[in-house]
Amino acid sequence: MRARYERFRVRVSGGEITCGRWGTGDTVVVASHGITANHLSWQSVAELVVERSDDSVSLVALDHRGRAGSADTPGPFGLQAHADDLVAVLDHLGLETATLAGHSLGGFIIANAAERHPARVERLVLVDGGVPFPSAGPPPNPATVDVEAVVQAVIGPALDRLDMRWPDEDSYVDFFRAHPAFQLPNEWTAGVEDYVRYDAVATPEGEIRSSVNKEAVLVDGGSAIVDPAAAAAIERILTPTTWVWCPRGLLDQTPGLFPPEHVEEQAGRLAHVTPLFAADTNHYTIVTADFGAGIVADVILGK
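Keep in mind that what you see is a predicted model, and the values were worked out from it rather than measured.

Cut-off values and rules
- Counting restarts for each chain: residues are numbered from 1 in the order of the written sequence.
- Totals for whole chains, interfaces and linings use all residues, but because this is a predicted model, local features are given only for residues with pLDDT of at least 70 and pairs of side-chain atoms are given and counted only at 80 or more.
- In computing side-chain values, all of the structure's heavy atoms are included and hydrogens and water are not.
- Here a helix means four or more residues in a row that DSSP labels H or I, a strand means two or more in a row labelled E, and each is numbered from the N terminus.
- One less than the residue count of a helix, multiplied by 1.5 Å, gives the span that helix is expected to have.
- Note on classification: 1.4 Å probe, protein chains only; a residue is buried when its accessible area is under 20% of the maximum for its type, exposed when over 50%, partly exposed between these limits.
- With axes taken as lines fitted to C-alpha atoms, and helix axes fitted only over the stretch in contact, angles between N-to-C directions fall between 0 and 180 degrees.
- Just so you know how the angles are binned, under 35 degrees is roughly parallel, over 145 roughly antiparallel, 65 to 115 roughly perpendicular, and the rest oblique.
- Note on definitions: a residue-residue contact is assigned when non-hydrogen atoms from the two residues lie within 4.5 Å.
- Only Asp, Glu, Lys and Arg are considered charged in this grouping, and only Ala, Val, Leu, Ile, Met, Phe, Trp, Tyr, Cys and Pro are considered nonpolar; every other residue, Gly among them, is considered polar.
- Strand pairing is defined by DSSP finding a minimum of two bridges between the two strands.
- What we call a nonpolar core is a set of buried Ala, Val, Leu, Ile, Met, Phe, Trp, Tyr and Cys residues that are connected through their side-chain atoms within 4.5 Å.

S.K.: Outline helix H2 (residues 79–93), supporting the account with residue identities and numerical values.
M.R.: Spanning 15 residues, H2 covers 21 Å between terminal C-alpha atoms, matching the ideal 21 Å at 1.5 Å per step. Residues of H2 that are buried: Leu79, Ala81, His82, Ala83, Asp85, Leu86, Val87, Ala88, Val89 and Leu90. Taken from the residues just after H2, Gly94 is the one with a positive phi, measuring 75 degrees.

S.K.: Now, about the packing of H2 against helix H3 (residues 105–116): what can you tell me, with residues and values included?
M.R.: One way to put it is that H2 packs onto H3 with a least axis distance of 8 Å and a crossing angle of 70 degrees. Here H2 lies roughly perpendicular to H3, going by the angle between them. Contact residues: H2 offers Leu79, Gln80, His82, Ala83, Asp84 and Leu86, while H3 offers Leu105, Phe108, Ile109, Ile110, Asn112, Ala113 and Arg116. Within the contact of H2 with H3, the residues separate by chemical class into 8 nonpolar, 3 polar and 2 charged.

S.K.: Account for the sheet that holds strand E10 (residues 273–277), with residues named and values stated.
M.R.: Spatial ordering of the open sheet is given by E1-E2-E4-E3-E5-E6-E9-E10, a layout of 8 strands whose pairing is mixed. Every other strand in the sheet has two partners, leaving strand E1 (5–12) and E10 as the edge strands with one partner each. Geometrically, the sheet is characterised by an average inter-axis angle of 25 degrees between neighbouring strands, direction not taken into account. One ladder, built from 4 bridges, connects strand E2 (residues 15–22) with strand E4 (residues 57–62); its direction is antiparallel. Bridge pairing links Cys19 to Leu62 in E4.

S.K.: Got a sec to walk through the nonpolar core? Specific residues and values, please.
M.R.: Residues Trp42, Val45, Leu59 and Ile300 are the most contacted members of the largest nonpolar core, which totals 95 residues. Here this core takes 7 residues from H3, the largest share from any one element. In this structure, Val45 is in contact with Leu59, Val287, Ala293, Val296, Ala297 and Ile300, ignoring residues within four places of it in sequence.

As C-alpha coordinates, then:
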(Lines give C-alpha, C1' and ligand atoms only; values in the text may rest on other atoms or scores of the structure.)
Protein backbone atom coordinates (compact mmCIF):
# COMPACT_ATOMS: atom_id res chain seq x y z
CA MET A 1 0.00 0.00 0.00
CA ARG A 2 1.24 3.48 -0.86
CA ALA A 3 -0.50 6.12 1.20
CA ARG A 4 -2.12 9.05 -0.53
CA TYR A 5 0.31 11.97 -0.33
CA GLU A 6 -0.19 15.68 -0.88
CA ARG A 7 1.99 18.72 -0.36
CA PHE A 8 0.70 22.10 0.83
CA ARG A 9 1.82 25.45 2.22
CA VAL A 10 1.05 27.01 5.60
CA ARG A 11 1.25 30.67 6.51
CA VAL A 12 3.56 31.38 9.45
CA SER A 13 5.02 34.54 10.93
CA GLY A 14 7.14 36.16 8.23
CA GLY A 15 6.34 33.78 5.38
CA GLU A 16 5.15 30.28 4.52
CA ILE A 17 6.39 26.74 5.14
CA THR A 18 5.89 23.55 3.14
CA CYS A 19 4.18 20.49 4.61
CA GLY A 20 3.38 16.99 3.40
CA ARG A 21 0.42 14.82 4.38
CA TRP A 22 0.15 11.07 4.06
CA GLY A 23 -3.29 9.50 4.30
CA THR A 24 -6.80 10.87 4.64
CA GLY A 25 -7.69 9.85 8.19
CA ASP A 26 -9.36 12.40 10.45
CA THR A 27 -6.93 11.65 13.29
CA VAL A 28 -3.80 13.61 12.43
CA VAL A 29 -0.31 13.27 13.90
CA VAL A 30 2.08 16.16 13.22
CA ALA A 31 5.78 15.40 12.88
CA SER A 32 8.97 17.45 13.16
CA HIS A 33 12.23 16.46 11.41
CA GLY A 34 15.92 16.52 12.35
CA ILE A 35 18.38 19.36 12.15
CA THR A 36 19.47 19.01 8.49
CA ALA A 37 16.53 16.91 7.29
CA ASN A 38 13.16 17.67 5.69
CA HIS A 39 9.61 16.39 5.94
CA LEU A 40 10.26 13.44 3.61
CA SER A 41 12.47 11.87 6.28
CA TRP A 42 9.12 10.82 7.82
CA GLN A 43 7.91 9.02 4.69
CA SER A 44 8.53 5.45 5.87
CA VAL A 45 6.92 6.10 9.26
CA ALA A 46 3.98 7.90 7.68
CA GLU A 47 3.19 5.13 5.21
CA LEU A 48 3.25 2.53 7.99
CA VAL A 49 1.02 4.70 10.20
CA VAL A 50 -1.53 4.94 7.40
CA GLU A 51 -1.31 1.23 6.56
CA ARG A 52 -1.48 -0.05 10.13
CA SER A 53 -4.40 2.24 11.00
CA ASP A 54 -6.35 1.32 7.84
CA ASP A 55 -6.10 5.00 6.86
CA SER A 56 -7.88 6.19 9.99
CA VAL A 57 -4.74 8.09 11.02
CA SER A 58 -2.83 10.45 8.76
CA LEU A 59 0.57 12.02 9.33
CA VAL A 60 1.55 15.59 8.49
CA ALA A 61 5.21 16.61 8.56
CA LEU A 62 6.62 20.07 7.92
CA ASP A 63 9.79 21.47 6.37
CA HIS A 64 11.11 23.73 9.09
CA ARG A 65 12.31 27.21 8.18
CA GLY A 66 15.60 27.02 6.32
CA ARG A 67 15.09 23.53 4.86
CA ALA A 68 13.87 22.13 1.52
CA GLY A 69 10.49 23.62 0.62
CA SER A 70 10.87 26.17 3.43
CA ALA A 71 14.52 26.96 2.67
CA ASP A 72 13.79 30.58 1.77
CA THR A 73 11.53 31.25 4.73
CA PRO A 74 13.39 33.75 6.91
CA GLY A 75 14.06 33.52 10.62
CA PRO A 76 13.73 33.76 13.47
CA PHE A 77 15.08 30.25 13.83
CA GLY A 78 15.45 28.32 17.08
CA LEU A 79 13.38 25.78 18.97
CA GLN A 80 10.66 28.18 20.09
CA ALA A 81 10.15 29.68 16.63
CA HIS A 82 9.81 26.21 15.09
CA ALA A 83 7.45 25.18 17.89
CA ASP A 84 5.18 28.12 17.08
CA ASP A 85 5.29 27.20 13.38
CA LEU A 86 4.19 23.71 14.29
CA VAL A 87 1.16 25.10 16.11
CA ALA A 88 0.42 27.22 13.02
CA VAL A 89 0.16 23.90 11.15
CA LEU A 90 -2.40 22.69 13.71
CA ASP A 91 -4.36 25.89 13.13
CA HIS A 92 -4.21 25.44 9.36
CA LEU A 93 -5.54 21.89 9.71
CA GLY A 94 -8.30 22.97 12.11
CA LEU A 95 -6.92 20.79 14.91
CA GLU A 96 -7.50 21.79 18.53
CA THR A 97 -5.05 19.15 19.75
CA ALA A 98 -2.78 16.51 18.27
CA THR A 99 -0.08 13.98 19.03
CA LEU A 100 3.30 15.38 18.06
CA ALA A 101 6.25 13.27 16.91
CA GLY A 102 9.79 14.62 16.65
CA HIS A 103 13.02 13.06 15.41
CA SER A 104 16.37 14.32 16.72
CA LEU A 105 16.13 18.16 16.78
CA GLY A 106 12.43 17.66 16.16
CA GLY A 107 12.13 16.09 19.60
CA PHE A 108 13.34 19.31 21.18
CA ILE A 109 10.96 21.32 18.99
CA ILE A 110 7.88 19.35 20.01
CA ALA A 111 8.87 19.50 23.69
CA ASN A 112 9.02 23.28 23.35
CA ALA A 113 5.65 23.22 21.60
CA ALA A 114 4.16 21.30 24.52
CA GLU A 115 5.58 23.85 26.96
CA ARG A 116 4.50 26.94 24.98
CA HIS A 117 1.10 25.59 23.90
CA PRO A 118 0.15 22.89 26.44
CA ALA A 119 -3.55 22.89 25.56
CA ARG A 120 -2.75 21.95 21.96
CA VAL A 121 -0.65 18.83 22.61
CA GLU A 122 -2.11 15.44 23.55
CA ARG A 123 1.12 13.48 23.84
CA LEU A 124 4.67 13.40 22.52
CA VAL A 125 6.71 10.80 20.67
CA LEU A 126 10.40 11.66 20.93
CA VAL A 127 12.60 9.76 18.47
CA ASP A 128 16.27 9.81 19.52
CA GLY A 129 16.01 13.42 20.63
CA GLY A 130 14.18 15.86 22.86
CA VAL A 131 15.98 15.03 26.11
CA PRO A 132 19.11 16.98 27.13
CA PHE A 133 22.30 15.32 25.93
CA PRO A 134 24.82 13.85 28.37
CA SER A 135 27.15 16.52 29.69
CA ALA A 136 30.91 15.98 29.93
CA GLY A 137 31.30 19.01 32.18
CA PRO A 138 29.68 22.29 33.16
CA PRO A 139 27.30 23.76 30.56
CA PRO A 140 29.01 26.07 28.05
CA ASN A 141 28.60 29.81 28.37
CA PRO A 142 26.28 30.84 25.49
CA ALA A 143 27.95 34.25 25.38
CA THR A 144 31.43 32.88 24.63
CA VAL A 145 30.99 29.41 23.18
CA ASP A 146 31.89 28.61 19.56
CA VAL A 147 28.46 27.38 18.51
CA GLU A 148 29.64 25.96 15.18
CA ALA A 149 32.32 23.90 16.94
CA VAL A 150 29.79 22.56 19.43
CA VAL A 151 27.27 21.64 16.71
CA GLN A 152 30.08 20.11 14.64
CA ALA A 153 31.05 17.90 17.58
CA VAL A 154 27.53 16.48 17.76
CA ILE A 155 26.39 16.14 14.13
CA GLY A 156 29.76 16.09 12.30
CA PRO A 157 29.33 15.25 8.59
CA ALA A 158 25.73 16.46 8.57
CA LEU A 159 27.09 19.98 9.10
CA ASP A 160 30.04 19.51 6.73
CA ARG A 161 27.69 18.61 3.89
CA LEU A 162 26.16 22.09 3.91
CA ASP A 163 29.41 23.56 2.53
CA MET A 164 29.93 20.85 -0.09
CA ARG A 165 29.02 20.76 -3.80
CA TRP A 166 28.35 17.91 -6.26
CA PRO A 167 28.34 17.82 -10.06
CA ASP A 168 24.81 16.41 -10.31
CA GLU A 169 21.93 15.06 -8.28
CA ASP A 170 22.92 11.41 -8.70
CA SER A 171 26.34 12.23 -7.23
CA TYR A 172 24.62 13.71 -4.21
CA VAL A 173 22.54 10.55 -3.81
CA ASP A 174 25.71 8.43 -4.10
CA PHE A 175 27.34 10.55 -1.38
CA PHE A 176 24.45 9.77 0.96
CA ARG A 177 24.37 6.12 -0.06
CA ALA A 178 27.98 5.77 1.15
CA HIS A 179 27.09 7.14 4.60
CA PRO A 180 27.95 4.74 7.47
CA ALA A 181 24.35 4.79 8.66
CA PHE A 182 23.08 3.03 5.51
CA GLN A 183 25.52 0.19 4.98
CA LEU A 184 23.57 -2.81 6.27
CA PRO A 185 20.92 -4.63 4.19
CA ASN A 186 17.54 -2.89 4.07
CA GLU A 187 18.95 0.41 5.40
CA TRP A 188 18.99 2.26 2.06
CA THR A 189 15.35 2.61 1.03
CA ALA A 190 13.30 4.42 -1.59
CA GLY A 191 12.20 6.76 1.19
CA VAL A 192 15.80 7.75 1.93
CA GLU A 193 16.43 8.46 -1.73
CA ASP A 194 13.26 10.57 -1.99
CA TYR A 195 14.37 12.58 1.05
CA VAL A 196 17.87 13.13 -0.39
CA ARG A 197 16.67 14.15 -3.86
CA TYR A 198 14.18 16.57 -2.31
CA ASP A 199 17.08 18.21 -0.44
CA ALA A 200 19.18 18.68 -3.60
CA VAL A 201 19.10 22.15 -5.21
CA ALA A 202 21.10 23.65 -8.08
CA THR A 203 23.55 26.49 -7.59
CA PRO A 204 23.88 29.34 -10.13
CA GLU A 205 27.03 27.55 -11.36
CA GLY A 206 25.05 24.39 -12.14
CA GLU A 207 26.33 22.35 -9.21
CA ILE A 208 24.22 20.61 -6.58
CA ARG A 209 24.15 21.58 -2.93
CA SER A 210 21.94 20.85 0.07
CA SER A 211 18.90 23.09 0.41
CA VAL A 212 19.60 23.59 4.11
CA ASN A 213 20.35 27.07 5.42
CA LYS A 214 23.49 26.74 7.56
CA GLU A 215 22.55 29.76 9.66
CA ALA A 216 19.32 28.01 10.65
CA VAL A 217 21.24 24.88 11.62
CA LEU A 218 23.66 26.79 13.82
CA VAL A 219 20.88 28.72 15.56
CA ASP A 220 18.82 25.57 16.06
CA GLY A 221 21.81 23.50 17.13
CA GLY A 222 22.81 26.23 19.55
CA SER A 223 19.31 26.12 21.04
CA ALA A 224 19.35 22.36 21.53
CA ILE A 225 22.96 21.95 22.63
CA VAL A 226 24.16 25.23 24.12
CA ASP A 227 21.00 26.82 25.57
CA PRO A 228 20.18 24.78 28.69
CA ALA A 229 16.73 26.33 29.08
CA ALA A 230 15.50 25.61 25.54
CA ALA A 231 16.99 22.12 25.53
CA ALA A 232 15.34 21.17 28.83
CA ALA A 233 11.71 21.92 27.96
CA ILE A 234 10.93 18.23 28.50
CA GLU A 235 11.80 18.72 32.18
CA ARG A 236 9.20 21.45 32.65
CA ILE A 237 6.16 19.73 31.15
CA LEU A 238 3.91 16.86 32.19
CA THR A 239 2.74 15.83 28.72
CA PRO A 240 2.67 12.01 28.39
CA THR A 241 5.77 11.14 26.37
CA THR A 242 7.34 8.08 24.83
CA TRP A 243 11.07 8.40 24.16
CA VAL A 244 12.30 5.99 21.49
CA TRP A 245 16.10 5.76 21.68
CA CYS A 246 18.69 4.05 19.48
CA PRO A 247 21.77 2.03 20.42
CA ARG A 248 23.81 3.55 17.57
CA GLY A 249 24.46 7.14 16.52
CA LEU A 250 24.70 9.32 13.42
CA LEU A 251 27.71 7.41 12.08
CA ASP A 252 26.33 4.03 13.20
CA GLN A 253 28.69 4.21 16.18
CA THR A 254 28.08 2.80 19.65
CA PRO A 255 26.94 4.26 21.93
CA GLY A 256 24.50 6.56 20.21
CA LEU A 257 23.46 10.04 21.25
CA PHE A 258 21.99 8.69 24.47
CA PRO A 259 24.05 5.99 26.23
CA PRO A 260 22.02 3.46 28.26
CA GLU A 261 23.13 4.87 31.60
CA HIS A 262 21.99 8.36 30.55
CA VAL A 263 18.60 7.01 29.47
CA GLU A 264 18.22 5.26 32.82
CA GLU A 265 19.14 8.42 34.70
CA GLN A 266 16.76 10.63 32.72
CA ALA A 267 13.89 8.15 32.93
CA GLY A 268 14.32 8.04 36.69
CA ARG A 269 13.79 11.77 37.02
CA LEU A 270 11.16 12.34 34.31
CA ALA A 271 8.06 10.52 35.49
CA HIS A 272 6.01 11.48 32.42
CA VAL A 273 8.60 10.02 30.01
CA THR A 274 8.62 6.32 29.10
CA PRO A 275 11.79 5.18 27.31
CA LEU A 276 11.59 2.53 24.60
CA PHE A 277 14.75 0.86 23.31
CA ALA A 278 14.78 0.42 19.51
CA ALA A 279 17.20 -2.48 18.99
CA ASP A 280 19.26 -2.72 15.80
CA THR A 281 18.70 0.91 14.80
CA ASN A 282 20.86 3.98 14.38
CA HIS A 283 19.97 7.66 14.49
CA TYR A 284 18.86 7.65 10.84
CA THR A 285 17.33 4.21 10.36
CA ILE A 286 14.99 4.64 13.30
CA VAL A 287 12.79 6.67 10.94
CA THR A 288 14.00 5.79 7.43
CA ALA A 289 14.31 1.97 7.44
CA ASP A 290 11.20 -0.17 7.62
CA PHE A 291 12.24 -1.97 10.82
CA GLY A 292 12.89 1.30 12.67
CA ALA A 293 9.93 3.11 11.15
CA GLY A 294 7.69 0.25 12.23
CA ILE A 295 8.68 0.76 15.85
CA VAL A 296 7.93 4.48 15.65
CA ALA A 297 4.65 3.92 13.78
CA ASP A 298 3.43 1.52 16.47
CA VAL A 299 4.29 4.02 19.22
CA ILE A 300 2.43 6.76 17.35
CA LEU A 301 -0.60 4.46 17.06
CA GLY A 302 -0.39 3.47 20.72
CA LYS A 303 0.30 -0.19 19.98
